Amino acid sequence: MSPRAIDPLRADIAEQAKRCEDLGELGAAARGCTACPELAAARRQVVVGDVVAGARLLIVGDAPGANEDEAGRPFVGKGGQLLDRLMADAGLDRADVSVLNVLKCRPPSNRTPTRAEAHRCTGWLDRQVELLDPHHVLTLGRTALTWALGASTTLAAVRGRVHDWRGRKLIVSYHPSAALRFGPRGEPHLALADDLRFVAAALAC
Ligand code: URA
Ligand code: SF4
């Protein structure tokens, strides 16, 4: 389905999420979501995200992988370990940061989420952003970039600066899996490290 087509399930989720008055209520509702039948049948659990009350920074990735599906937490596999290390190098403590994904369920075999799945699940994410109310949002990778700024832009066009976005500050970067793929001297790794330092400096202001 084209994400531009009206998806009644997307509208249902957005409505259900809007009715949630706190993050606990939203987490409970999302854990029962079966709007994507293929994902709901294959997942072990819904990975609602690390929500840290009062966190000034929110990081948004794409979808849980096998490790996250098992642990029930985002970014705990190899990519997550790299993210933790680069955050620590930049002076950011993950315990003080909320971490969410566009998709709450693992796509089977870690395939890329379809545009329709990603679009559908953002009803939960959009409400999580409202309830968390972070000052800064950092997106990692294509799926999260599309969520924030639409499909027609590219990372190269929007990286390296702060965007005013929904009354907050948005910074976009590469996904840690790209950093792993291209190695420590590759552009994604270097850029992600730079962007995390940039975010840390912005938060300190
Ligand atoms: N990749 C993501 O984008 N999110 C996770 O939680 C794990 C891997
Ligand atoms: Fe629901 Fe999102 Fe999971 Fe789809 S991916 S079933 S919309 S929680």
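Residues numbered from 1 in each chain as written. Chains lettered and ligands numbered in written order. Predicted model: local features only at pLDDT ≥ 70, side-chain atom pairs only at ≥ 80, totals over all residues. Heavy atoms only, no water.

Participant: Tell me about the site of ligand 2, residues and numbers included.
Facilitator: Near ligand 2 you find Ile13, Cys33, Ala35, Cys36, Leu39, Arg43, Leu103, Lys104, Cys105, Arg120, Cys121 and Trp124, and these make up its full shell. Broken down by class, the residue content of the shell around ligand 2 amounts to nine nonpolar, no polar and three charged. (Near = heavy atom within 4 Å. Nonpolar A, V, L, I, M, F, W, Y, C, P; charged D, E, K, R; others polar.)

Participant: So, the sheet that holds strand β2 (residues 98–101): which residues are in play, and what are the values?
Facilitator: Taken together, the five strands give an open sheet; going across it, the order is β2-β1-β3-β5-β4, and neighbouring strands pair in mixed fashion. In the strand order of this sheet, the two ends are held by β2 and β4 (163–165), each with one partner. Sheet twist, expressed as the average angle between the axes of neighbouring strands with direction ignored, equals 30°. Taken together, the five bridges between strand β3 (residues 136–140) and strand β5 (residues 168–173) define a ladder with parallel strand orientation. (Pairing = 2+ DSSP bridges. Helix = DSSP H or I, 4+ residues; strand = E, 2+ residues; numbered from the N terminus. Axes fitted to C-alpha atoms, helices over the stretch in contact; angles between N-to-C directions.)

Participant: A description of the environment of leucine 23 should follow, citing residues and the corresponding values.
Facilitator: Tracing the chain through its elements places leucine 23 in helix α2 (residues 23–31). Look at leucine 23 and you get partly exposed, because its relative accessible area is 21%. Residues leucine 23 and glycine 141, spaced 118 residues apart in sequence, show a C-alpha to C-alpha distance of 25 Å. The contact partners of leucine 23, leaving out residues within four places of it in the chain, are Val51, Gln128, Leu131 and Leu132. (Buried < 20%, exposed > 50% of the residue type's maximum accessible area, 1.4 Å probe, protein only. Contact = heavy atoms within 4.5 Å.)

Participant: So what about the pairing of strand β1 (residues 57–61)? Which residues, and what values?
Facilitator: Within β1, five of the five residues are buried, leaving the element largely enclosed by the surrounding structure. Every second residue of β1 is oriented toward a common face, with Leu57, Ile59 and Gly61 on one face and Leu58 and Val60 on the other, all of them buried. Here β1 runs beside β3; their pairing, made up of four bridges, is parallel. The residue bridging isoleucine 59 from the neighbouring strand is leucine 138, located in β3. Across four bridges, the pairing between β1 and β2 is parallel. Of the residues in β2, the one forming a bridge with valine 60 is leucine 100.

Participant: Any chance you could break down the site of ligand 1 for me, citing the residues and the numbers?
Facilitator: Every residue close to ligand 1 is listed here: Gly61, Asp62, Ala63, Glu68, Pro74, Phe75, Asn101 and His175. The separation between an oxygen atom of ligand 1 and a polar side-chain atom of aspartate 62 is 2.7 Å. Asparagine 101 places a side-chain nitrogen or oxygen 2.8 Å from a nitrogen atom of ligand 1. When the free accessible area of ligand 1 is taken as 230 Å², the share hidden by the protein chains comes to 90%. Counted by class, the shell around ligand 1 contains three nonpolar, three polar and two charged residues. (Polar contact = N/O pair within 3.5 Å; in protein donor to acceptor, adjacent residues only side chain to side chain. Areas by Shrake-Rupley, 256 points an atom, 1.4 Å probe, with all protein chains shown as cover.)

Participant: I'd like a rundown of the side chain of threonine 122, residues and numbers included.
Facilitator: If you trace the backbone, threonine 122 turns up in helix α6 (residues 115–132). The contact partners of threonine 122, leaving out residues within four places of it in the chain, are Arg10, Val102 and Trp147.

Participant: Which residues make up the pattern of salt bridges, and what are the values?
Facilitator: All told, the structure shown has 17 salt bridges when counted by the stated rule. Between glutamate 38 and arginine 111 there is a salt bridge whose closest N-O contact spans 3.0 Å. With glutamate 38 in helix α3 (residues 37–42) and arginine 111 in the loop between β2 and α6, the pair connects residues that are 73 residues apart, well separated along the chain. Here arginine 44 makes a salt bridge to glutamate 70, at a shortest N to O gap of 3.8 Å. Highlighted residues: arginine 44 in the loop between α3 and β1 and glutamate 70 in helix α4 (residues 66–71), separated in sequence by 26 residues. There is no split in this pair, since arginine 44 and glutamate 70 are both exposed. In the salt-bridge network here, residues are joined through shared partners; they are Asp50, Arg73, Asp84 and Arg94. (Salt bridge = Lys/Arg side-chain N within 4 Å of Asp/Glu carboxyl O.)

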